[in-house]
Amino acid sequence: FIGTRLAYITGQPGQPAPSGSDRIIRPWFYVTCALTCMGYLVWLAVGLKNGFTIGLFVELLMSDDPRFGDSFRPDMFPTVPGVTTCTQFGVPAMLLGLWLFLRGDRRVIFPIGLLCTLAMLRAIVFSERTALIELFLPGVILGVRMFVLGRRWPLWIQNGLRIAPFAGPFALVLFFGSFEYFRSWRYYQDSFDSFAGFTVWRLSGYYTTAHNNGAMAIETHLSRPLPFNTLRPFWYFPGV
């Protein structure tokens, strides 16, 4: 809300990007894709060298032990500083690729699909949902900005866009539940009557934990005029 108000007060209406901008964006898209793939390939090579196999991957999918993955991830897939970090180039690559795709370049669909596949495998092997969230969420925002906003739509679509924020919590539950079904449902299915009840319990646990951590921080840390963890870079800035 604050960002929206600042944009209205200080910003100028956005202008369509010139057609020549695609010629600048396209090579950077392929460069960031190549760097992302290089990071994943190096990480995979490290894992294979340390004993990771297809059989172990299948066992990870089928195992009923929630700690099975933790028993081999740190030893088989140690990070290589400055190399495996290249996987983070996937975020700008996804944004640049979607920009080109939404402007009519259908050749980028395969590299975009490859980025999504790599992120999906990372989410499974390392139990990191953020590997997908950090690609999909900025991509959805870019898609809405380029494909939805600023166009003339029928009244029923306009009304649907107005109530979309209220549907957000339901979308969150569906997104979270779809991953928890493959990630942890098999460990808890005998303790719940339904998957829906388990999803709500699991999701609410994250918010409850965050609330409890905040309450503990207030009780155990010195009071500050500004939040410490939320503004941690401010507190660690030289001279503060």
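Residues numbered from 1 in each chain as written. Predicted model: local features only at pLDDT ≥ 70, side-chain atom pairs only at ≥ 80, totals over all residues. Heavy atoms only, no water.

Undergrad: Break down the packing of aromatic side chains for me, with residues and values.
TA: One pass over the structure, following the stated rule, counts 17 aromatic pairs. Relative to Phe195, the ring of Trp185 has its centre 5.2 Å away and its plane inclined at 80 degrees; by these criteria the two rings are edge-to-face. With Trp185 in helix α9 (residues 185–188) and Phe195 in helix α10 (residues 195–220), this pair connects stretches of sequence that are 10 residues apart. Residue classification places Trp185 among the buried residues on the basis of a relative accessible area of 12%. Since its relative accessible area comes to 27%, Phe195 is described here as partly exposed. With a centroid separation of 6.1 Å and an interplanar angle of 35 degrees, the aromatic rings of Phe198 and Trp201 are classed as tilted. Placement of the pair is Phe198 and Trp201 together in helix α10, with a separation of three residues, close to one helical turn. Three or more aromatic residues joined by ring pairs form one cluster here, namely Tyr181, Trp185, Tyr188, Phe192, Phe195, Phe198 and Trp201. A cation over a ring is seen here: Arg106 above Phe101, with NZ or CZ 4.4 Å from the ring centre. (Phe/Tyr/Trp six-rings, centres within 6.5 Å; stacked < 30°, edge-to-face > 60°. Helix = DSSP H or I, 4+ residues; strand = E, 2+ residues; numbered from the N terminus. Buried < 20%, exposed > 50% of the residue type's maximum accessible area, 1.4 Å probe, protein only. Lys NZ or Arg CZ within 6 Å of the ring centre and 35° of its normal.)

Undergrad: Any details on a nonpolar patch on the surface? Residues and values, ideally.
TA: On the surface, a cluster of nonpolar side chains totalling about 640 Å² of accessible area is made up of Ile54, Val58, Leu61, Met62, Met120, Leu121 and Ile124. Taken together, the elements giving at least two residues each to the nonpolar patch come down to α3 (54–62) and α6 (109–125). No other element matches α3, which puts four residues into the nonpolar patch. (Patch = residues over 30% accessible without salt bridge, like charges linked within 9 Å, V, L, I, M, F, W, Y side chains within 5 Å. Areas by Shrake-Rupley, 256 points an atom, 1.4 Å probe, with all protein chains shown as cover. Salt bridge = Lys/Arg side-chain N within 4 Å of Asp/Glu carboxyl O.)

Undergrad: Give a detailed account of the packing of helix α2 (residues 21–49) against helix α5 (residues 90–102), specifying residues and quantitative values.
TA: Between α2 and α5, the shortest axis-to-axis distance is 8 Å and the interhelical angle comes to 145 degrees. Along this stretch, α2 crosses α5, giving a crossing that reads as left-handed. Counted together, Ser21, Asp22, Ile25, Arg26, Trp28, Phe29, Thr32, Cys33 and Thr36 of α2 and Gly90, Pro92, Ala93, Leu96, Gly97, Trp99 and Leu100 of α5 form the full contact between these two elements. Class assignment for the residues of the contact of α2 with α5 results in nine nonpolar, five polar and two charged. (Axes fitted to C-alpha atoms, helices over the stretch in contact; angles between N-to-C directions. Left-handed = near helix turned anticlockwise from the far one by under 90°. Contact = heavy atoms within 4.5 Å. Nonpolar A, V, L, I, M, F, W, Y, C, P; charged D, E, K, R; others polar.)

Undergrad: Give me the nonpolar core: which residues, what numbers.
TA: Most often, soluble globular proteins have nonpolar side chains that are buried together. Grouped together as the largest cluster of nonpolar side chains are 18 residues, with contacts concentrated most on Phe29, Met94, Leu100 and Ile112. If you list the elements that add at least two residues to this core, you get α2, α5, α6 and α7 (130–148). Discounting residues that sit within four places of it in the chain, Phe29 has contacts with Ala93, Leu96, Gly97, Leu100, Val108, Pro111 and Ile112. Of all hydrophobic cores here, the second largest spans 11 residues; its members include Leu56, Phe57, Phe68 and Phe72. (Core = buried A, V, L, I, M, F, W, Y, C linked by side-chain atoms within 4.5 Å.)

Undergrad: Now, about the side chain of Thr32: what can you tell me, with residues and values included?
TA: Of note, Thr32 is situated in helix α2. We classify Thr32 as buried; its relative accessible area is 8%. Among the polar contacts made by the side chain of Thr32, one reaches the main-chain carbonyl oxygen of Phe29 at a distance of 2.8 Å. If sequence neighbours within four positions are ignored, Thr32 has contacts with Phe89, Pro92, Ala93 and Leu96. (Polar contact = N/O pair within 3.5 Å; in protein donor to acceptor, adjacent residues only side chain to side chain.)

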